[in-house]
Amino acid sequence: MKIGMMTYKTLIRMIGITKKFPGVVANNNVDFVLHPSEIHSILGENGAGKTTLMNILAGMHQPDAGTIIVRDQTVKIRSPQDSLRLGIGMVYQHFTLIPNLTVIENLVLGFEDGLFLNLSRAEQRLQKISATFGLSIDPGRKIQDLSVSERQRTEILKILFHESDVLILDEPTSMLSPAETEDLFHTLKSLRKAGKSVVLITHNLSEALSISDRITIMRSGKNAGELTGDMLRAMDAKTASNRILEVMFGAVPESRERVAEKVFANEPVLELKRVEALNSQGVAGLKCVSFGIAKGEIVGVTGVDSEDRRLLAEVIGGQKRTTAGKLLFRGRDITHTNIAQRFELGIRYVTDDRMNEGCVLDMALAENAILQSYYRQPFSRLGILNHVNVQSFTGDLINRFGIRATGPDARVRTLSGGNIQKFILARSLSGGPGLIVCSNPTYGLDATTVRLIHQLLREESRQGAAVLLITTDMDELFSCSNRIGILFNGEISGFMDRNDATAEKIGKLMLGIRE
Amino acid sequence: MKNVDFAGFKPTALSIVSILFSLMTGSIILLAIGKDPLIYFGLLFSRGMGSSLGVIESIIKMIPLLIISAGLLACFSAGLWNIGTDGQFLIGAMLAGWAAPWVSNTLPYPAYLVAIALLGIFGGMAWILLPAVLKARYDINEIITTLMMSWVAINLVTWLVKGPINDLSTVPAQTTLIPSVYRLPMIPFTRIHAGLIIGIATLLGIHWVIRKTTLGYQFRVMLMNKKAAMHAGMCVPRLTVYGLLISGGLAGLAGAGDVLAVKGLFQGNWNPQYGMTAIPLVFLARLNGWAVIPLAFFFSFLAIGGEFVARDLGVPVFFVHVLEGLTLLFFAASEYFEKKWMRR
């Protein structure tokens, strides 16, 4: 194609991109520039808006505001086809190949004109591309018989096959072994040599540093900073990573007065012993996780990967089965108990998916208030609900926690996000729980509600409950926790006392850098 | 009564409006085929509701609808679909027709009635057990499996009644006739059998279970947000089996009731297809047991009246099915507009 011939100073410019999803601003006035023949990493934690930004470029989403300029021309990218026509192709984290078609059939899919397939011509072209970039693959094999890295290779070949010169890869190394990662990086470098540009979406700092010509850092939907090739070359790896950590996590309150509450260290409420669990892909998600939470203690756990955090919470709540290891609650083995049994023991899990898991939006507050305790007295007896008791219980929650709702009969949907969260927390705190697991309990809430929720959690710990606070909010992590644990790649990469923790230490552990 | 809520009457209003619209559209169709709609509907209402025969026939026809609807109420309230009530009905009916003649000789009359009713329930439950387990364990779509099981049932009972359970003393393929003393008793001073009481009691019972018990509560949570139900620790697979078993069992009971009270025997080619009427009925009633009763009566009246009028006016019997279909269409449309207006 002719487009590669002329040289442009900037290949792609995205200016002022804003994209809102219900309840979240995924991209907030983001600028992004891609130059010809460079490897450009977009770095940021999960939910920072990296993938959304690139999905916009690949035609999967339409921006609410902003301009996209490709090769000095303002364009509208309405579909992935539009994007491919502009020479932009994306490899998703979850592959989009059709499993029971062969490699070559997948490559020509949707692009072959005419009534009859001319696969041999396509195969010749594929052979040429494979040879150029060192991406060998048997075109006749079916996708379902390929390994993960071979599938990825096919995805890359598919983009090259359509003569694209911009490749976007979403977390490409998350499923690869170190050797396969090296192979992939080798390929990316040869692509760069051939004049193509690569965008690498990643939350792995060391990887980004090892291969990028340029790094863009995203933080809560915004472009938080950019390191150019010159800047990267001028710094050694340690200075660069420190600089990036600062941009990624911002300034963290170094020491906030956290009144050291009384922790009964010799009275462990929950103990995890070498716990393992599978993630949604069916591979090991949590690996050998061991720690304990004592009575009166708030343990903060953070980590960049949302699925790791979720698995940890669900393993304790009972939503997820463990594949190995043991869980002890007040010394009793609860590994094989179910959600309801754990609830009965006093374990409460406040999910971060408030709208979909935490409540039933189209049912009344009263009916949501007993979502887990419906079978108990005084809410029901012999299987018959006691409407009056449920109503008065809900009314009590509304009054005590200052929930803004018209009454127990109001549907949850009519409440604001903050009030829904207050309600869910109120429900969980009733009845003197022994352990509260909260996942991002203040995500998306206003400052007053945030303060209130922190107060509630502290109050609960003061009264002897153990709290596991799983959060990505550094401020919250530092101001609430007695101890801080960090998850990386499904493992606890570090555990420390609040007083020994610094933003730098935690940031590094979050990104898997060990000294 | 401080809880009187006028918005609560809106569903009723919408159902009535849907019915009126369907009658109006039906009139246009009648005009198009050269019949006078005024005469048609005039006759329909005067024969169907104006005569005691019409009313009694309509009520008798309504009874299986009530029992099947009660079961559907339970499974629809849990977000589960049982499209195969006809199959469960036939299995229940077949078992009743096969067992009643000889059980009536061995058990005292009340025990015999209970035994046959339980047999009907058992038959219906057995027929939905496989789809229920498949749905609960492997999330296999119950719409397809229950429907397919219906076809199996239709062929199975046809075969059984031609062979193993055929009364060889009669020419047609059917079971032995149940003597009239062993039929379901009549409600005193009427010509309506006791099935009406069973039907209304079952329907209102299920209505109560759905709203007032922990089982019904779990069903409703499952319908509104299955993810939340699982997250809260409700045993969704078990609830799935319960919900479908209730609906299958009641469809079987309706079958047994129809054999015991109306037919007196089971015939090979008999398939009244009540399910196809009961399913839209329960939706028109918006999963409200009380609302099912007048609607079930209306639908039965349409069927009975339609039969009467067909003979006089030459309008095909299945024109009432057109009316039923139109009612549903308008009901669906009304839901759409209601949602649209609510959003404003």
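Owing to the predicted nature of the structure, the values given are computational and were not obtained by experimental measurement.

Attention now goes to the overall build of chain A. In terms of helices and strands, chain A carries 18 helices and 22 strands. A compact globule built from 515 residues should have a C-alpha radius of gyration of about 24 Å, and chain A, at 26 Å, falls within 12% of that. C-alpha atoms of chain A, sized along the principal axes, occupy 75 × 55 × 45 Å. The buried share among the 515 residues of chain A stands at 43%.

Moving on: the confidence of the model for chain A. Residues and elements named next belong to chain A. Predicted confidence across chain A gives a mean pLDDT of 85, with 93% of residues reaching 70 or more. The weakest mean pLDDT in chain A belongs to helix α9 (residues 237–249) at 76; the strongest belongs to helix α13 (residues 365–369) at 95. In this model residues 1–5 is a low-confidence stretch, pLDDT under 50, and it forms six contacts with partners more than four residues away in sequence or in other chains.

Residue and element names in this part refer to chain A. Reading across the sheet, the four strands line up as β12-β11-β14-β15 and stay open at both edges, with antiparallel pairing between neighbours. The two strands at the open ends of the sheet, each matched to only one other strand, are β12 (284–295) and β15 (332–333). By the bridge criterion, eight bridges tie strand β11 (residues 264–278) to β12 in an arrangement that is antiparallel. Across the sheet, L278 pairs through a bridge with A284, a residue of β12.

Among the nonpolar cores identified, the biggest contains 228 residues, and A:L57 and A:I168 are the most heavily contacted of them. Here the element with the most residues in this core is helix α10 (residues 236–263) of chain B; it accounts for 14 residues. Setting aside its immediate chain neighbours within four residues, A:I168 contacts A:M54, A:L57, A:A58, A:I88, A:M90, A:V91 and A:V199.

The next point concerns the pairing of strand β21 (residues 483–488) of chain A. Residues and elements named next belong to chain A. Across the six residues of β21, six count as buried, placing the element largely inside the fold. Taking every second residue as pointing to the same face, both faces of β21 are buried, with R483, G485 and L487 on one and I484, I486 and F488 on the other. Summarising the sheet, strand β13 (residues 298–303) and β21 pair through five bridges and their orientation is parallel. Within β21, the residue paired with V301 across the bridge is G485. The pairing of β21 with strand β22 (residues 491–497) spans six bridges and is classified as antiparallel. Its bridge partner lying in β22, R483 is registered against D497. Connecting β21 to the next strand, β22, in antiparallel fashion are two residues, including N489 with a positive phi near 55°.

Extensive coverage of helix α8 (residues 214–224) of chain B is indicated by the burial of nine of its eleven residues. Along α8(B), the residues classified as buried are B:T214, B:G216, B:Y217, B:Q218, B:F219, B:R220, B:V221, B:M222 and B:L223. Residues of α8(B) that are buried sit in contact with β17 (380–381) and β18 (384–385) of chain A together with α3 (52–77), α7 (195–212), α9 (226–231) and α10 of chain B.

Okay, the packing of helix α5 (residues 109–138) of chain B against helix α6 (residues 142–162) of chain B next. Residues and elements named next belong to chain B. Viewed as axis vectors pointing N to C, α5 and α6 meet at an angle of 160°, and their least axial separation amounts to 9 Å. Considering the angle they form, α5 stands roughly antiparallel to α6. In this structure, α5 crosses over α6, and the sense of that crossing is right-handed. Contact with α5, carried on its side by W127, I128, L130, P131, L134 and K135, involves E142, T145, T146, M149 and A153 of α6 and no other residues of that element. Within the contact of α5 with α6, the residues separate by chemical class into seven nonpolar, two polar and two charged.

What follows concerns the interface of chain B and chain A. Facing 13 residues of chain B, the contacting portion of chain A comprises 22 residues. Elements with a minimum of two residues in the side of chain B that touches chain A: α8 and α9 of chain B. For the side of chain B that touches chain A, the per-class residue count stands at six nonpolar, five polar and two charged.

The next point concerns the environment of B:L281. Residues and elements named next belong to chain B. You can see L281 is positioned in helix α11 (residues 275–284). Classification of L281 as buried rests on a count of 27 C-beta atoms within 10 Å. In sequence terms L281 and L113 are 168 residues apart; their C-alpha atoms lie 28 Å from each other. L281 has contacts with L65, S69, V292, L295, A296 and F299, leaving out every residue within four places of it along the chain.

Another aspect to go through is the sheet that holds strand β8 (residues 197–202) of chain A. Residues and elements named next belong to chain A. Strand order in this open sheet of six strands is β6-β7-β8-β3-β9-β10, and the pairing throughout is mixed. With partners counted over all chains shown, the strands left at the sheet margins are β6 (88–91) and β10 (222–227), one partner each. Strand-to-strand, the axes of this sheet are offset by a mean angle of 20°, without reference to chain direction. Note: strand β3 (residues 39–43) against β8, five bridges, orientation parallel. Its bridge partner being in β8, I39 is matched across the sheet by V198. Where helix α6 (residues 178–193) meets the sheet, its contacts fall on β3, β7 (166–170) and β8, and the angle it forms with β8 comes to roughly 145°.

So, on to unusual backbone geometry. Going from A:Q377 to A:P378, the amide bond is cis rather than trans, its omega being 5°. With respect to the element layout, A:P378 can be found in the loop between α13 and β17. A positive phi angle is found at A:E171, which is not glycine, with a value near 45°. On the secondary structure map, A:E171 appears in the loop between β7 and α6. When the 18 C-beta atoms within 10 Å are taken as the criterion, A:E171 is described as partly exposed. Its identity is not glycine, yet B:Q273 carries a phi of approximately 55°, on the positive side. Along the chain, the position of B:Q273 falls in the loop between α10 and α11.

Reading predicted coordinates in detail is not appropriate for stretches of low pLDDT. All names here are of chain B. Overall, the predicted model of chain B reaches an average pLDDT of 88, with 97% of residues at or above 70. The least confident element of chain B is helix α13 (residues 319–343), whose mean pLDDT is 80; the most confident is α8, at 96. Listed scores for the predicted complex are pTM 0.76 and ipTM 0.84.

Conventions we followed
Residues numbered from 1 in each chain as written. Chains lettered and ligands numbered in written order. Predicted model: local features only at pLDDT ≥ 70, side-chain atom pairs only at ≥ 80, totals over all residues. Helix = DSSP H or I, 4+ residues; strand = E, 2+ residues; numbered from the N terminus. Rg over C-alpha atoms; globule rule 2.2 N^0.38 Å. Buried ≥ 20, exposed ≤ 12 C-beta atoms within 10 Å, placed from the backbone. pLDDT = per-residue confidence, 0-100. Contact = placed C-beta atoms within 7 Å. Pairing = 2+ DSSP bridges. Core = buried A, V, L, I, M, F, W, Y, C linked by C-beta atoms within 7 Å. Axes fitted to C-alpha atoms, helices over the stretch in contact; angles between N-to-C directions. Parallel < 35°, antiparallel > 145°, perpendicular 65-115°, else oblique. Left-handed = near helix turned anticlockwise from the far one by under 90°. Nonpolar A, V, L, I, M, F, W, Y, C, P; charged D, E, K, R; others polar.

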